[in-house]
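Listed below are the residues making up each chain.
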Amino acid sequence: MRILLVGAGGVGGAVTRIAARRDFFEHFVVADYDGERAGAVAASADDARFTAARVDASDQPAVEDLLARHRCDVLLNATDPRFVMPLFRAALAARVHYLDMAMSLSRPHPERPHELTGVKLGDEQFALAPEWERAGRLALVGIGVEPGLSDVFARYAADELFDEIEEIGVRDGADLTVDGYDFAPSFSIWTTIEECLNPPVVYERERGWFTTAPFSEPEVFDFPEGIGPVECVNVEHEEVLLMPRWIDAERVTFKYGLGQEFIDVLRTLHKLGLDRTEPVKVGDALVAPRDVVAACLPDPAALGDRMRGRTCAGTWVKGTKDGAPREVYLYHVADNETTMAEYGSQAVVWQTAINPVIALELIATGTWSATGVQGPEALAPRPFLDLLNAYGAPWGLREM
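These numbers come from a predicted model, not from an experiment.

1. So, the packing of aromatic side chains
Considering all chains together, one arrives at 18 aromatic pairs under this definition. Measuring from centroid to centroid gives 5.6 Å for Phe 25 and Phe 50, while their planes differ by 80 degrees, and the two rings are edge-to-face. Of this pair, Phe 25 sits in the loop between helix 1 (10-19) and strand 2 (27-32) while Phe 50 sits in strand 3 (residues 50-54), and the two are 25 residues apart along the sequence. For the pair shown, Phe 25 and Phe 50 are each scored as buried. Their ring planes at 45 degrees and their centres at 5.2 Å tell us that Phe 88 and Trp 132 sit as a pair that is tilted. Taken as a pair, Phe 88 in helix 4 (residues 84-94) and Trp 132 in helix 6 (residues 129-135) lie far apart in primary sequence, 44 residues in all. Given the relative accessible area of 0%, Phe 88 is considered buried. Through a chain of ring-to-ring contacts, the aromatic side chains of Phe 24, Phe 25, Phe 28 and Phe 50 assemble into a single cluster. Positioned over the ring face of Tyr 343 is Arg 21, at 3.9 Å from the centre of the ring. Across from the ring centre of Phe 126, 3.7 Å away, lies the NZ or CZ of Arg 245, which sits over that ring.

Below, the structure is given as structure tokens:
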């Protein structure tokens, strides 16, 4: 397998360091708009299979040319969601497989944003599914940790743990702190603003997809391995748009443990218009307010030495098995001290990055073979979970 990775930020860097320990690929190109950053990430692998390139992720012809020059079989997108569609289309035009960790952007309903969906996450990608089928190539969308591993957990629960599923609820919580900062998001603030301030989507079998107000339906969820109780709220996320396509469940939700201070900051950014992506004129320059916010905050990839604690991603499932009620939480915990010591990556980006590498290995070996636009829950979960253990990143299951 010959791989093109676009995006050499925190997640891209972690992908490179994780992949360097595996032997399923022949060549790995690390590409980024910042050529020096791509070069540094490729060099950090200390492996002749890795090379670097500069590319603008929004320039579809340039990406197609890069894929052709390096004879790549697959494109792994580790950029933020703004660049999903040009990279998605480039892979389709080049007839190579495609993987991403976040799907094409949504647009709220223009009149009733907190009741009805507008353009949903992934709608633009699924619209091109017939073209991917005709090309005989796989576009595996949402294969990070959430979405990604959370979806694999849901498929595993449906296949092996339940006869009927009442509700699937992805629940994400952490006890992470960052020394020296009052406010320092552990993941891209651009992406965080997008998913947290957009109307959250909920799925119900009888109603379909609908929306609520941001940060709605707070609940306290008790996370495992010492993290403990964390208040979680509804947030827009891909799992709610993916799982109902392949798994029969009465209800699907996503709730994130943000914390009141984080919610207050996001609400203030929204109130001031600093979450906007449309450029505004500042003197002689045109600047997007959200880009200014991102530039003012520390780079999440550089926070690892200051971070303490653990992060937990998981899928809570409620239903019946053999006629009896059952409720489980399938989860994965990453400890920042461990990920920094072993990979030099902070816990949140490392936990995201390991999953597309596992998926690439399953595709390379033919264990996962499909065509069209597919979510992680469309494919066999057991091989993925077995490889997760083999990578030294064991997952857990808690009976509730």
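2. What to know about the packing of helix 13 (residues 347-364) against helix 14 (residues 381-390)
The N-to-C vectors of helix 13 and helix 14 enclose an angle of 120 degrees; their axes lie 10 Å apart at closest approach. Between helix 13 and helix 14, the angle falls in the class oblique. The two elements helix 13 and helix 14 meet at a crossing, and its hand is right-handed. Between helix 13 and helix 14, the residues in contact are Ile 354, Asn 355, Ile 358, Ala 359, Glu 361 and Leu 362 and Pro 383, Phe 384, Leu 387 and Leu 388, respectively.

3. Topic: the pattern of salt bridges
Enumeration over the complete set of coordinates arrives at 26 salt bridges. Linking Glu 219 and Lys 255 is a salt bridge whose minimum nitrogen-to-oxygen distance equals 3.1 Å. Of the two residues, Glu 219 is situated in strand 11 (residues 219-223) and Lys 255 in strand 13 (residues 251-256); the sequence distance between them amounts to 36 residues. Using a relative accessible area of 5% as the deciding quantity, one classes Lys 255 as buried. When the shortest N-O distance is used, the salt bridge between Arg 276 and Glu 278 registers 3.9 Å. Note on Glu 278: relative accessible area 46%, which makes it partly exposed. Several salt bridges converge on common partners, so that one network encompasses Glu 167, Arg 171, Glu 204, Glu 217, Glu 219, Arg 251 and Lys 255.

4. Digging into the nonpolar core
In terms of nonpolar packing, the biggest core is built from 89 residues, with Phe 28, Val 30, Leu 99, Leu 140, Ile 168, Leu 330 and Phe 384 touching the most fellow members. By residue number, the principal contributor to this core is helix 13, which donates 11 residues. Discounting chain neighbours no more than four positions away, the residues touching Leu 140 are Tyr 98, Leu 99, Asp 100, Ala 359, Ile 363, Trp 368, Gln 374, Gly 375, Pro 376 and Leu 379. Grouped together as the second largest cluster of nonpolar side chains are 31 residues, Ala 31, Val 55, Leu 75 and Ala 90 included.

Rules behind the numbers
- Residues numbered from 1 in each chain as written.
- Predicted model: local features only at pLDDT ≥ 70, side-chain atom pairs only at ≥ 80, totals over all residues.
- Heavy atoms only, no water.
- Phe/Tyr/Trp six-rings, centres within 6.5 Å; stacked < 30°, edge-to-face > 60°.
- Helix = DSSP H or I, 4+ residues; strand = E, 2+ residues; numbered from the N terminus.
- Buried < 20%, exposed > 50% of the residue type's maximum accessible area, 1.4 Å probe, protein only.
- Lys NZ or Arg CZ within 6 Å of the ring centre and 35° of its normal.
- Axes fitted to C-alpha atoms, helices over the stretch in contact; angles between N-to-C directions.
- Parallel < 35°, antiparallel > 145°, perpendicular 65-115°, else oblique.
- Left-handed = near helix turned anticlockwise from the far one by under 90°.
- Contact = heavy atoms within 4.5 Å.
- Salt bridge = Lys/Arg side-chain N within 4 Å of Asp/Glu carboxyl O.
- Core = buried A, V, L, I, M, F, W, Y, C linked by side-chain atoms within 4.5 Å.

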